[in-house]
Amino acid sequence: MKKILVASTNPVVNETVKSVCFKYSAYFDPLFCPDTDEALSFIDYEIPEIKILDFTSADIDCEKILKAINSDPWLHNGGIIAVVPSPVKVQELEDQKNPNILAAQTLYSFKENFDRLLRILWSNKQFLFNRGMQERVGGVEKGGFVCGNDPFDTRMFTSFLVNYLYCTNRISEEGRYALQTSLMELLTNALEHGNCNISYDEKTKCLEAGGNVLELIHDRLKDPIISARKIHIEYVIGKEKSSFKISDEGNGFDWKKRIELETPDLAETHGRGIFMTKGLVTELKYNDKGNEVSFEIENLHDSSNNVPLIMSSFSVVKYDKHQIVCKQNEPSNDLFFIVSGQYGVYVDGKLMSILTPNDMFIGEMAFLLNDRRSATIMSAGEGQLIRIPKSSFLNLIRKNPHYGIFLSKLLAQRVVRQNHKTLELSKQIKELKEQLK
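Residues numbered from 1 in each chain as written. Predicted model: local features only at pLDDT ≥ 70, side-chain atom pairs only at ≥ 80, totals over all residues. Heavy atoms only, no water.

1. Here's the deal with the side chain of Ser8
Link 1 in the chain: You can see Ser8 is positioned in the loop between strand S1 (2-7) and helix H1 (11-23).
Link 2 in the chain: Those residues within four positions of Ser8 in sequence are excluded, and the remaining contacts are Val13, Asn14, Cys33, Pro34, Asp54, Ser57 and Ile60. (Helix = DSSP H or I, 4+ residues; strand = E, 2+ residues; numbered from the N terminus. Contact = heavy atoms within 4.5 Å.)

See the structure below:
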């Protein structure tokens, strides 16, 4: 079940959430916070996957809540639905390209679309999780989305992909911005110039007259042939790199003129998307028709893309190849946060496992049990760790108790995953014994 924070005092917002969540009561659990501090506390302690921030509620400081979420991206990310008072505010939030915001909608649009929004969220729930709360799948991951001609859909699916890669340490903060910007620019082209067949000159004329492109799109979608068209998003997430392909069902457009630009005309009201994307990704390619584009990004390798805010005051310790981090039976209980590298876990001289930044911590058992080290940890190559003395960490937890709850959840998840692996191994051994009879 996914938790939903509703920071609002607007009865329209609250009633909309209540009625829709009642239909999906087995999947979503809303909590209504009419107070800013209460909402901030709930975010810290519960770390909800979905957060509805109602900017139409004058007595809720949504900017303060948004700032708190943005200040600690390691702990808080994704899942924000912003309800705003006007289309101008929608555009303002869209222009910020904040990857934490799934959707920005006016009060009317929110009321009309919230049911569909929850259906989309539930059908793609594997993309809505907090850092470390799900095991990163090994090998290559392939998939795709099919969306209609609604900017709301393209924003949602972009956020799914960006936050998934970010939470699984495949992209950095810079890579997060690059992927968010590139997907949104190319999907916007697919919608406007592709499926809706809006020419460059038509968009220019609309903007120069003070018009809204969304109104132009809405007008084109009155044509049933255009409204029936879809946008297809495909992705392949590998170990070293990830690739994406976007295709529309329109007639294509003259992409060569835009991709060959050395420098864009800054006086133009639009038309810089492809030029900007070209500088953010690699292998940007269009098909001849101009209704399909693909690109690649390099993945992070054995590196954490962020450090928890409460650990940022500690220095990073560099380790060389085959350098010992701690020894088995050693009476120490410091905790280590893995910034980069791979680390072998040896018990009685035998290699038992390899730890990477996706495991987050080294030494949590000795840390929690105040015991001797249960294994020797050795760096497989060059790496970096943040060493945190137990007394210092406990002082931080006293000041930031919500971190203690989150780390407890991480450890519980690790135990659950280990139990699943043990059960699976027992099942395989049993099947093998049956075959050998």
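2. A few points about the packing of aromatic side chains
Link 1 in the chain: In this structure the tally under the stated criterion is 13 aromatic pairs.
Link 2 in the chain: Ring geometry for Tyr24 versus Phe28: centroids 6.5 Å apart, planes at 85 degrees, classification edge-to-face.
Link 3 in the chain: Considering the side-chain rings of Tyr27 and Trp122, the 4.4 Å spacing of their centres and the 25 degrees angle between planes classify their relative orientation as stacked. Placement of the pair is Tyr27 in the loop between H1 and strand S2 (28-33) and Trp122 in helix H5 (residues 107-123), with a sequence separation of 95 residues.
Link 4 in the chain: Since its relative accessible area comes to 21%, Trp122 is described here as partly exposed.
Link 5 in the chain: An aromatic cluster is defined as three or more aromatic residues linked by ring pairs; in this entry it consists of Trp74, Phe337, Phe361, Tyr403 and Phe406.
Link 6 in the chain: Its guanidinium or amino end placed over the ring of Tyr166, Arg176 lies 4.1 Å from that ring's centre, counting from NZ or CZ. (Phe/Tyr/Trp six-rings, centres within 6.5 Å; stacked < 30°, edge-to-face > 60°. Buried < 20%, exposed > 50% of the residue type's maximum accessible area, 1.4 Å probe, protein only. Lys NZ or Arg CZ within 6 Å of the ring centre and 35° of its normal.)

3. Description of the environment of Ser374
Link 1 in the chain: Structurally, the position occupied by Ser374 is in the loop between helix H13 (364-369) and strand S17 (376-379).
Link 2 in the chain: For the pair Ser374 and Pro331, spaced 43 residues apart in the sequence, the C-alpha separation amounts to 10.0 Å.
Link 3 in the chain: When residues no more than four places from it in sequence are discounted, the contact partners of Ser374 are Gln328 and Val347.

4. Describing the pairing of S2
Link 1 in the chain: Two strands pair when backbone bridges link them, and S1 and S2 are joined in this way by six bridges, in the parallel orientation. In the strand pairing of S2, Val6 is matched with Phe32.
Link 2 in the chain: Between the parallel pair S1 and S2, the chain is carried across by H1, and the sense of this crossover is right-handed. (Pairing = 2+ DSSP bridges. Right-handed = clockwise from strand over helix to strand, strands pointing away.)

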